[in-house]
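# Summary of the model geometry
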Amino acid sequence: MTIALDIGLIITSVLLIVLVLLHRAKGGGLSSLFGGGVQSSLSGSSVVEKNLDRLTVFVGLVWVILIIGVGLDIKFS
C-alpha cells in the first residue's frame with residue numbers, strides 16, 4: 001500500500017507541475033515581470049483552456065487525497 005501511494009504521489013506531482021506550467025499567464029504575477037503582460041486579454045477562454053483547468057483541478061484533488069493517504073499510512077504504521 002505504501003509503495004502504491006508513493007508512486008501515485010510522484011506521478012501526480014510531476015503531472016501537476018506540467019499542467020500548471022501549461023497554463024497561460026493571466027497577468028499581474030511574475031510572468032508580467034518578464035514580458036508576459038504585453039499579450040492582449042481575451043474576454044473568453046477557449047475549450048482547451050477550460051479542459052486544462054478541469055484536468056488541473058482533478059489532478060490536484062487526486063494529489064491531495066494521496067497526500068492524506070500517505071499521512072494516514074505514516075500515522076498508523
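It should be emphasised that the depicted structure is a prediction, and the values quoted were computed from it without experimental measurement.

### Describing the UniProt feature "transmembrane region" (unreviewed entry) in the chain
- The positions that UniProt labels "transmembrane region" (unreviewed entry) are, in the present scheme, residues 7-25 and 55-74.
- Annotation note: span residues 55-74, helix share 100%, strand share 0%, distance between end C-alpha atoms 28 Å.

### Things to note about the packing of helix 1 (residues 2-22) against helix 3 (residues 47-75)
- Running from N to C, helix 1 and helix 3 point in directions that differ by 150°, and their axes come no closer than 9 Å. Relative to helix 3, the element helix 1 is oriented roughly antiparallel. The handedness of the crossing between helix 1 and helix 3 is left-handed. Note on element contacts: helix 3 touches helix 1 through Leu 52, Leu 55, Thr 56, Val 59, Gly 60, Val 62, Trp 63, Leu 66, Ile 67, Gly 69, Val 70 and Asp 73, opposite Thr 2, Leu 5, Asp 6, Gly 8, Leu 9, Thr 12, Ser 13, Leu 15, Leu 16, Leu 19, Val 20 and Leu 22.
- For the contact of helix 1 with helix 3, the class distribution of residues is 15 nonpolar, 7 polar and 2 charged.

Calculation notes
Residues numbered from 1 in each chain as written. Predicted model: local features only at pLDDT ≥ 70, side-chain atom pairs only at ≥ 80, totals over all residues. Heavy atoms only, no water. UniProt positions renumbered as here; feature names shortened; annotations may be inferred. Helix = DSSP H or I, 4+ residues; strand = E, 2+ residues; numbered from the N terminus. Axes fitted to C-alpha atoms, helices over the stretch in contact; angles between N-to-C directions. Parallel < 35°, antiparallel > 145°, perpendicular 65-115°, else oblique. Left-handed = near helix turned anticlockwise from the far one by under 90°. Contact = heavy atoms within 4.5 Å. Nonpolar A, V, L, I, M, F, W, Y, C, P; charged D, E, K, R; others polar.

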